[in-house]
Amino acid sequence: MARVFFPDHLTQHTAGVRELEVDTSSFRDLVAKLDARFPGISAILIGKVAVAIDGHIIHDPFLDPIAPQSEVYFLHRIEGG
């Protein structure tokens, strides 16, 4: 199962959960499963946070595959100007 990590600013939406394992094969599926567990979190995860899968920051992760041994990190999105 993929390991998923949430930063402090998202734990208010995960009932304090910072890390969990999810059986998933794609980012799209992961977001759907997280939204089923934490209703409404998909609106926060899609486009409002950065995502790193196995150490690589993915700009548009919606169709990216996630392997069973993957680590997925949700991060603060850094805005530039």
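Look above for the structure.
Here's a quick rundown of the structure. (Residues numbered from 1 in each chain as written. Predicted model: local features only at pLDDT ≥ 70, side-chain atom pairs only at ≥ 80, totals over all residues. Heavy atoms only, no water.)

1. Notes on the sheet that holds strand β1 (residues 2-5)
Note the cut-off: Note on pairing: DSSP must find at least two bridges between two strands before they are called paired. In DSSP terms, a helix is any run of H or I states spanning at least four residues, a strand is any run of E spanning at least two, and both are numbered starting from the N terminus. An axis is simply a line fitted to the C-alpha atoms; with a helix, the fit covers only the stretch in contact. Between two such axes, the angle follows the N-to-C directions and lies from 0 to 180 degrees. For this analysis, residues touch if any pair of their heavy atoms sits within 4.5 Å.
The strand order β2-β1-β5-β3-β4 describes an open sheet built from five strands, whose pairing is mixed. Among the strands making up the open sheet, the edge pair consists of β2 (19-22) and β4 (56-58). Here the strands of the sheet are splayed against their neighbours by 25° on average, with no regard to which way each runs. Along the sheet, helix α1 (residues 27-37) contacts β1, β2, β3 (50-53) and β5 (71-75); its crossing angle with β2, the most-contacted strand, is approximately 120°.

2. Details of the side chain of Thr 24
To be explicit about the condition: Any N or O atom pair separated by 3.5 Å or less is treated as a polar contact, with the protein-specific requirement of one donor-capable and one acceptor-capable atom, and with residues adjacent in sequence counted only for side-chain atom pairs.
Relative to the helices and strands, Thr 24 resides in the loop between β2 and α1. For Thr 24, the side chain forms a polar contact with the main-chain oxygen of Ser 26, separated by 3.1 Å. One polar contact links Thr 24 to Asp 29, side chain to side chain, over a distance of 2.7 Å. The contact partners of Thr 24, leaving out residues within four places of it in the chain, are Ala 2, Asp 29, Leu 30, Lys 33 and Ile 66.

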